[in-house]
Amino acid sequence: MGYKFTTEEFNRLLSDLKKQYRVYAPVLLKGKGRFSDTDVVGYGEIQNIDDVIFTQKSYFSPKEIFYPISETMFYFTEDEYREPKVESKEIIVFLRSCDINAVERLDKIMLENGKEPDYYYHRLRSKVKFIKIDCPTSFDSCFCVSMGTNYTDNYSASIHSDNNGLYLCDVKEDINGLFSSYGTFAEFKPLFVEENDFSVEVPEDINLATIAEHDLWQEYSSRCVACGRCNTSCPTCSCFTVQDIFYEDNPKCGERRRVWASCQIDGFTDMAGGHSFRKDKGQRMRFKVMHKINDFKKRFGMHMCVGCGRCDDVCPEYISFSRCVNKVSAAVQGVNNDG
Amino acid sequence: MSINTKKVMKNAWRITKDRNLTCLRIRVPGGHLPVKFFPLIQEIADQYGNGTVHITTRQGFEVPGIPFSKMEEINAKIAPIIDELEVKNDVDINKSEKGYPAAGTRNVSSCIGNRVCPQAVFDTTSLARDIEKTIYPNDPHVKIAVTGCPNDCIKAHMQDIGVIGQVEPVYDRTRCIACQACVNNCAKVSTGALTFSNYKVKRDSKRCIGCGECVLKCPTGAWTRGEQHYRLVIMGRTGKKNPRIARTFMEWADRGAVLKICSNLYGYIDKYIDRTLPKEHVGYIVDRTGFNVFKEEVLKDVTLSSKTKVVDYINFGGYENR
């Protein structure tokens, strides 16, 4: 069901929504870019629809809203512990098709991987509703079409603005009846990207033993600086580590936190006794790439990578994940042809 | 030939080895020049000079081999350069067709700054132009340069006043993943102002020099850029008597304070310069009056923010007698 809104009408809808929901969207973080006098697009709460950045891809993914970068699991004293409360408000996130597909990947790992769903993830994730930001065109480095993530119908509403400054929403779930009450019925279709500038060929039938040993990984040993930006910007990376903190003023009290971890950063494979496997950055690259385009699918039936291209956008060394996948593809063909 | 050398030099022309020839000097405040002026500089060098141009350490051009008789004609020709780089920037020059009205106060130079460089914490050319407008035209021999970060590529430490960009890093602990990229990097390439405790980062504000390296290294945006400040280093110099590197006078100063101090420097010089000499470079005046007199004069009517730190005293070591 389609509705159109003037900016004013949509803002009234938002202000009603905000009574029950915290509403997050890609926003411009002024002066918060890595370099001086530069801005960055990241996720933040919005007051009105003009706050939403529609024309750029966000640098960071939306996952930080319901899977926090750093999250306290419980506080402890000598003989008891307590979980932090979660806010009663529910959550609405503006995000693109690739990102909605990415949340489905996170759900697989966090909710379906083990016997029990991940408690902390579940309690925030179950509050989340999606508003899909339509993509009229593809951005630099996007390869969603290759990954089949350019399309989704998993959203409460979609949104894009037409040429007359109206917002068009394809509504699948009329939250609290607000869309129908503030909008005017309209006939249109939600927009999906049908073509990217770059396409990726994900290899099938990978001979793991041969590819793991392939010399294509070697260049990354010297190119990668192990900063971890590919992981921290990725909408599907789910790894975390756990930290026990003893408060400095009274070490008998403290908290246990979980914090995002990165398979590219030193320390990820450190084990008790000081052993560390995958010290070489080329091997870390192999581990990451193969997880995103091979291993995950074996377990869950879909590739982990959703082709958002953020890892390409943020890499300070200009390493391209998507080009690497194509190199793997070529290598697989070579290996298979060689018999 | 009768030439008033004092007037010629004040007009930014040179007395050279060759008795018949002078050399045109063009100043480029902040070191950034629209290339549309290249054909004009080329034309002057080709038609009046010897077809070459010297790029100076202070980011100006010198066009050598020009007959003294052509000075007036060329002054009129370079008016568009003076108009665009000086007059349009509110530098107090009435008759740009008469050439440069002073040469003692040298071109305010700057590194390329954040128009290009990832390390730079601010737009150096913009501040250099603001300083130019504050101190030029002026006769006293003063050298000021502006650099975007403590790497000091413009060599602010060799100036009478060197301005070095500082940024106050802001830490959002909820975004920190404890990768320690900032901590390790600060220890390796900067001042070791960051320590790691309870899986989060502590910053020693006394050690931090505001280089912004932590922001550059952070993969999650836990470190971002806060307020823009400046470190002032003073009385660096080359020269025959006691060449030396500048010393820190002030840290975490704001733009207003920087400009006011640059302006006050001229009041100090006027009050204490040795007028028996043809010229006296400001560093030597400070050697005579001592640091405290300098400090009192340049801080007159300067409003310092609560963050600004001024040194109590600098012992420059005085004259070295041999």
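Everything numeric here is computed off the predicted structure, so don't read it as measured data.

Novice: Run through the sheet that holds strand β6 (residues 161–171) of chain B, naming residues and quoting values.
Specialist: All names here are of chain B. Overall, mixed pairing links the 6 strands, which are arranged β4-β5-β6-β9-β10-β11 in an open sheet. Among the strands making up the open sheet, the edge pair consists of β4 (109–110) and β11 (309–310). Bridge analysis of strand β10 (residues 247–253) against β11 gives 2 bridges, and the strand direction is antiparallel. Bridged to Glu251 within β11 is Lys309. Contacts from helix α5 (residues 124–135) reach β4, β5 (144–147), β6 and β9 (223–234), with the element oriented near 160° to β5. Helix α10 (residues 291–298) contacts β9, β10 and β11 of the sheet and is inclined by roughly 25° relative to β10.

Novice: So, the domain arrangement of chain A: which residues are in play, and what are the values?
Specialist: All names here are of chain A. Structurally, chain A comprises domain 1 (2–60 + 79–185) and domain 2 (208–241 + 261–337). On a C-alpha basis, the centroid separation for the pair domain 1 and domain 2 is 27 Å. Tallying the contact residues gives 24 residues for domain 1 and 26 residues for domain 2. Carbon and sulfur atoms supply 63% of the area buried between domain 1 and domain 2, which totals about 2200 Å² over both sides. Where domain 1 meets domain 2, there are 2 salt bridges. At the junction of domain 1 and domain 2, the tally comes to 11 residue pairs in polar contact (both at pLDDT 80 or more). Elements with a minimum of two residues in the side of domain 1 that touches domain 2: α2 (97–112) and α4 (144–147). For the side of domain 1 that touches domain 2, a count of residues per class yields 11 nonpolar, 5 polar and 8 charged.

Novice: Break down the layout of surface pockets for me, with residues and values.
Specialist: If you add up the space inside the largest pocket, you get close to 1300 Å³. For the largest pocket, the lining is made up of 49 residues, of which Ala103(B), Gly104(B), Arg106(B), His141(B) and Lys279(B) are closest to its centre. Secondary-structure elements contributing two or more residues to the lining of the largest pocket are α1 (5–10), β1 (21–26), β3 (61–67) and α8 (255–272) of chain B. Grouping the constituent residues of the lining of the largest pocket by class yields 18 nonpolar, 13 polar and 18 charged. Inspection of the lining of the largest pocket shows a minimum of three residues originating in each of domain 1 (5–98) and domain 2 (109–166 + 229–310) of chain B. The space that makes up the second largest pocket amounts to roughly 640 Å³. Taken together, 28 residues form the lining of the second largest pocket, with Glu64(A), Ile65(A), Pro68(A), Ser70(A) and Leu124(A) sitting closest to its centre.

Novice: Got a sec to walk through helix α9 (residues 282–289) of chain B? Specific residues and values, please.
Specialist: Since the α-helix packs 3.6 residues into each turn, any two residues three or four apart lie on the same face. All names here are of chain B. By the criterion of burial, α9 is predominantly enclosed, with 7 of the 8 residues buried. Taken together, the buried positions of α9 are Val282, Gly283, Tyr284, Ile285, Val286, Asp287 and Thr289. Where α9 is buried, its residues meet α8 and α10. At the C-terminal side of α9, Gly290 shows a positive phi close to 90°.

Novice: So what's going on with the packing of aromatic side chains? Residues and values would help.
Specialist: Inspection of every chain in the model, using the stated rule, returns 26 aromatic pairs over all chains. Relative to Trp260(A), the ring of Tyr67(A) has its centre 6.1 Å away and its plane inclined at 40°; by these criteria the two rings are tilted. Of this pair, Tyr67(A) sits in the loop between β3 (40–45) and β4 (70–76) while Trp260(A) sits in strand β12 (residues 254–260), and the two are 193 residues apart along the sequence. The pair formed by Tyr67(A) and Trp260(A) is uniform in burial state, with each residue classed as buried. Judged by centre distance (5.0 Å) and plane angle (90°), the rings of Tyr119(A) and Tyr120(A) are edge-to-face. By relative accessible area, Tyr120(A) is classed as buried at 10%. By the ring-pair criterion, three or more aromatic residues cluster together here, those being Phe249(B), Tyr268(B), Tyr272(B), Phe291(B), Phe294(B) and Tyr313(B).

Novice: Break down the domain arrangement of chain B for me, citing the residues and quoting the values.
Specialist: Residue and element names in this part refer to chain B. By domain assignment, chain B separates into domain 1 (5–98), domain 2 (109–166 + 229–310) and domain 3 (168–227). Computed over C-alpha atoms, the centres of domain 1 and domain 2 are 25 Å apart. With 13 residues of domain 1 in contact, the opposing surface of domain 2 contributes 16 residues. Broken down residue by residue, the surface that domain 1 buries against domain 2 is led by Gly30, His32 and Arg58, which jointly contribute 38%. Where domain 1 meets domain 2, there are 2 salt bridges. Residues Lys10 and Asp139 are paired through a salt bridge, measuring 3.0 Å at the closest nitrogen-oxygen approach. Counting across the domain 1 and domain 2 interface gives 10 residue pairs in polar contact (both at pLDDT 80 or more).

The rules behind the values
- Residues numbered from 1 in each chain as written.
- Chains lettered and ligands numbered in written order.
- Predicted model: local features only at pLDDT ≥ 70, side-chain atom pairs only at ≥ 80, totals over all residues.
- Heavy atoms only, no water.
- Pairing = 2+ DSSP bridges.
- Helix = DSSP H or I, 4+ residues; strand = E, 2+ residues; numbered from the N terminus.
- Contact = heavy atoms within 4.5 Å.
- Axes fitted to C-alpha atoms, helices over the stretch in contact; angles between N-to-C directions.
- Domains from an automatic or database assignment.
- Buried area = accessible area lost by both parts, 1.4 Å probe.
- Salt bridge = Lys/Arg side-chain N within 4 Å of Asp/Glu carboxyl O.
- Polar contact = N/O pair within 3.5 Å; in protein donor to acceptor, adjacent residues only side chain to side chain.
- Nonpolar A, V, L, I, M, F, W, Y, C, P; charged D, E, K, R; others polar.
- 1 Å grid on protein atoms, 1.4 Å probe; cavity = no way out; pocket = protein on both sides within 12 Å on 5 of 7 lines; lining within 4 Å.
- Points joined across faces, edges and corners; volume = space filled by probe spheres on them.
- Buried < 20%, exposed > 50% of the residue type's maximum accessible area, 1.4 Å probe, protein only.
- Phe/Tyr/Trp six-rings, centres within 6.5 Å; stacked < 30°, edge-to-face > 60°.

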